[in-house]
Amino acid sequence: MNTNNMNTIFWEDERVDGADKVTGKAKYTAEHSLPNLAYAVFVTSNIAKGNIKNLDVSKALAMPGVLDVIYYANCPAVPGYSTNSVERPKNVSEWRGHKVLYDNKVRFFGQPIALIVADSFENANAAVRFVKPDYETESFETNFDKARLDAANLKSPFNYKRGAGITKTIAANVDAEFNIPIEVHNPMELQATIAYWEAEDKLLLYDKTQGPKSTQSVVARTFGLPEKNVRVIAENVGGAFGSSLRSWSNVPAACIAAKKLNRPVKLVLTRPQMFSLIGYRPQSWQKVNIAADAEGNFLSINHEAISNTSRYEDFREGIVDVSKFLYACDNVTTKYSLLPLDLSTPIWMRGPGEATGCFALESAIDELSYKLKIDPIALRIKNFTTINPENKLPFSDNNLKACYDYGKEKIGWKNRPIVPGTLKENGWLIGYGMAVGVFGAGKGSASVRVVLSNDGKLLLECAVSDMGPGTTTSMTKIAAEAMQMPIGKIKFKLGDSDLPPGPSQGGSGTTSTVGSAVDLACKTVQQKLKELAIQFASSFAGLTADLMDVKNEMVVLKTDTTKNIDIIGLLKLANQEKIDLIINSSGKTPEQLKFTSNSFSAHFVKVAVNAKDGKIKILEVVTTGDAGKIISPKTARSQMLGGVVGGIGMALSEKLELDHSTGQIMNASFGAYHVPLHSQIPKTDAWFVNKPDMNMNDIGAKGIGEIALIGFAAAIANAVYNATGKRVRDLPITPDKLGFKVAKA
Ligand code: MOS
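Residues numbered from 1 in each chain as written. Predicted model: local features only at pLDDT ≥ 70, side-chain atom pairs only at ≥ 80, totals over all residues. Heavy atoms only, no water.

What holds strands together in a sheet is hydrogen bonding between their backbones, with the strands either parallel or antiparallel. Strand order in this open sheet of five strands is β16-β17-β25-β26-β29, and the pairing throughout is mixed. The sheet terminates laterally at β16 (424-425) and β29 (683-688), the two strands that pair on one side only. Pairing analysis gives two bridges linking β16 to strand β17 (residues 428-440), with the strands arranged antiparallel. Counterpart to Glu425 in the pairing with β17 is Trp428. The strands touched by helix α10 (residues 400-411) are β17, β25 (598-610), β26 (616-626) and β29; relative to β26, the strand with the most contacts, the crossing angle is about 150°. Helix-sheet contacts for helix α15 (residues 712-724) involve β17, β25 and β26, and the interaxial angle to β17 is about 155°. (Pairing = 2+ DSSP bridges. Helix = DSSP H or I, 4+ residues; strand = E, 2+ residues; numbered from the N terminus. Contact = heavy atoms within 4.5 Å. Axes fitted to C-alpha atoms, helices over the stretch in contact; angles between N-to-C directions.)

Secondary-structure assignment places Leu61 in helix α2 (residues 58-61). As for Leu61 and Val450, which are separated by 389 residues in sequence, their C-alpha atoms are 51 Å apart.

Summed over the entire model, instances satisfying the criterion amount to 37 salt bridges. In this structure, Asp20 and Lys25 form a salt bridge, with 3.8 Å as the shortest nitrogen-oxygen distance. For Lys25, a relative accessible area of 62% gives the class exposed. Here Glu481 and Lys629 are joined by a salt bridge, their closest N and O atoms 2.9 Å apart. With Glu481 in helix α11 (residues 471-483) and Lys629 in the loop between β26 and α14 (633-652), this pair connects stretches of sequence that are 148 residues apart. When salt bridges with common partners are traced through the structure, they connect Asp366, Glu367, Arg727 and Arg729 into a single cluster. (Salt bridge = Lys/Arg side-chain N within 4 Å of Asp/Glu carboxyl O. Buried < 20%, exposed > 50% of the residue type's maximum accessible area, 1.4 Å probe, protein only.)

For the rest of this paragraph, the subject is the domain arrangement of the protein. Assigned domains within the protein: domain 1 (6-26 + 443-587), domain 2 (33-138 + 186-275) and domain 3 (284-442 + 593-738). One C-alpha centre belongs to domain 2, the other to domain 3, and the line joining them spans 37 Å. Interface area for domain 2 against domain 3, summed over the two sides, is near 1700 Å², with a carbon-plus-sulfur share of 67%. Ranking the residues of domain 2 by area buried against domain 3 places Phe109, Phe241 and Phe275 at the top, with a combined share of 34%. Here domain 2 is connected to domain 3 by three salt bridges. In this structure, Arg96 engages Glu313 in a salt bridge whose closest nitrogen and oxygen atoms are separated by 3.9 Å. Class assignment for the residues of the side of domain 2 that touches domain 3 results in eight nonpolar, five polar and five charged. (Domains from an automatic or database assignment. Buried area = accessible area lost by both parts, 1.4 Å probe. Nonpolar A, V, L, I, M, F, W, Y, C, P; charged D, E, K, R; others polar.)

Its twelve residues place the ends of helix α5 (residues 212-223) 16 Å apart at the C-alpha level, agreeing with the 16 Å of an ideal helix rising 1.5 Å per residue. Within α5, the full set of buried residues consists of Pro212, Thr215, Gln216, Ser217, Val219, Ala220, Thr222 and Phe223. Next to the buried residues of α5 lie β9 (192-199), β10 (202-207), β11 (230-233) and α6 (250-261). Downstream of α5 by a residue or two, Gly224 has a phi angle that is positive, lying close to 70°. (Expected span 1.5 Å × (residues − 1).)

For the structure shown, the criterion picks out twelve aromatic pairs. Considering the side-chain rings of Phe178 and Phe359, the 5.8 Å spacing of their centres and the 85° angle between planes classify their relative orientation as edge-to-face. Here the residue Phe178 occupies a position in strand β8 (residues 172-180), and Phe359 occupies one in helix α8 (residues 354-372), the gap between them amounting to 181 residues. Neither Phe178 nor Phe359 differs from the other in exposure class; each is buried. Taken together, a centroid distance of 5.5 Å and an interplanar angle of 85° make the contact between Phe395 and Phe600 edge-to-face. Here the residue Phe395 occupies a position in the loop between α9 (376-382) and α10, and Phe600 occupies one in strand β25, the gap between them amounting to 205 residues. The ring centre of Phe740 lies 6.0 Å from the NZ or CZ of Lys726, which sits over that ring. (Phe/Tyr/Trp six-rings, centres within 6.5 Å; stacked < 30°, edge-to-face > 60°. Lys NZ or Arg CZ within 6 Å of the ring centre and 35° of its normal.)

See the structure below:
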């Protein structure tokens, strides 16, 4: 931390933990160590489905440094693995998902079938190939495109319908299908757990998680422990994008091994295992039908979707939900079914559901605009609504029009060719595209401990995690603004389940939820300070708190700030070492519940498509967000940039490739699963409306993480169409889909 900044007040715009992170001082889960630590590595299946008839672990056990090989035949009983709810102890609930090391069943390719524990990571890893499984294989299905065609394979349809039907004349309609492959999160930090049984019934975990409290609760309920006996530490998280929103098999496996060996065990997934063991964005098929009248009013929207799940769990997300409320439309039907495959279970991935749904909806609206000969931005404005047509509540705020105005101007929308494929520069076809993103803005409950010490320092604590967006920074800023005191005197501590309960970091809800609690905690401290001033400072005697302010580390009289007492002096005068409180902030108030809240984004891109080989270059991006008040400009901008990078990957290269004859993932590496390169990221203007949404919460801030990505892939697809006249509805958009022959290397 730069000490020159110590006295800078709240507009200071550095990450408070930035220096620690870039200098390696900040520790991530796998970087922790404990005395007598053992190292564990998963052995995974190389069939997609079947039974293990026999698992020969003798050779692996004989390898140097190997302490144990744990598998179904020697795995100690786990209370939460019991499927019998009558026999299960009261404080135990059944482990959700795949029960690792539990039985001889193989449910997907790459499933853990054994855990090698050794005195070093290298020794554990070296023994992996000496574990010999003897399989009895079963037939399986991993082919989504094939399996979805048989309606008998689909399950759990969710249907929605509103409206009495179309009464006006349809001038144009679009009816199109969209396909998105499996995408994986690929965070920098590997999934990892260190488990240590401090006592027979007391567990310490270092775990890569987006929710220390949720991991604590899952582990306690799986192993039959009181929650207070499980401590989960996740001080720093190196990216997750949703992949650490639940506890995967590494968590119970590390706990089981640590118990069996009676020593702490570290289990870190390998990079290839990150492709199969921590969830993924499910593969999806969508069909969108939009009808409009000649003026462009949407007369009906029908949105259908299928996404895959595993055979052993249902995973569903809000794919079709965007079509219910983003635009004014009387007649809307949606249908969404699941397709179980012999794969592991999917999970939320940045912009879950909406990112998938918006790709289809926002592409279809673009198609419709050409049929109607109406500018795509004008078409969206035509169907703009301030009332959510699904629940009929007013949006707490909706500044999409301001986003359109800014983006249109900055990207140079006036240069967009009206007829696709007609603008050429130096052998490249140029196109402009835009699309909208939307995500729910929530406010949940959180508790914050606030400690103001008589040295003038302020400490705030909450068990939430920071997977990278900069929660530590934004919470510090909210406190600095509420307290009107310098950032350098404030510390926000998170990432430890022993701290007051906070939410999992997910669904773009942290700033609103925890920020509201921080704001309330600071205001409560200010109230206490005012009361102390009235009681102990003679110059405030007989006054009431409403006449006073707390700012610049002083209690002051509003009408005459020369009448003041500094906080340190006041606490000393009151003979108080500190003010130490735990403040609970609950969800939305009845007043806030009169509104429906969303964050919105509008993305604008300029692309060039090579007229010879179909190579796509993103030339320029303007990405705009309506997320209420921007707490921390630098971290907020970084969220938008991350969404742009993720969106470019989603649009142009990301696809998990499966070999359907074996069920194996064929590109489980950064070398073969293509994320954008630095050189592919263009000049990007990230802009926010930055208007506080005071109907939403007292701090006026909504989430950014999801809207940064949602809609972006559609903006690119729309720009590619504008450049080439080729509409690609199946991601990723590769030159072959544009009709170009790919040259042999
Ligand atoms: Mo996000 S998909 O809610 O981590």
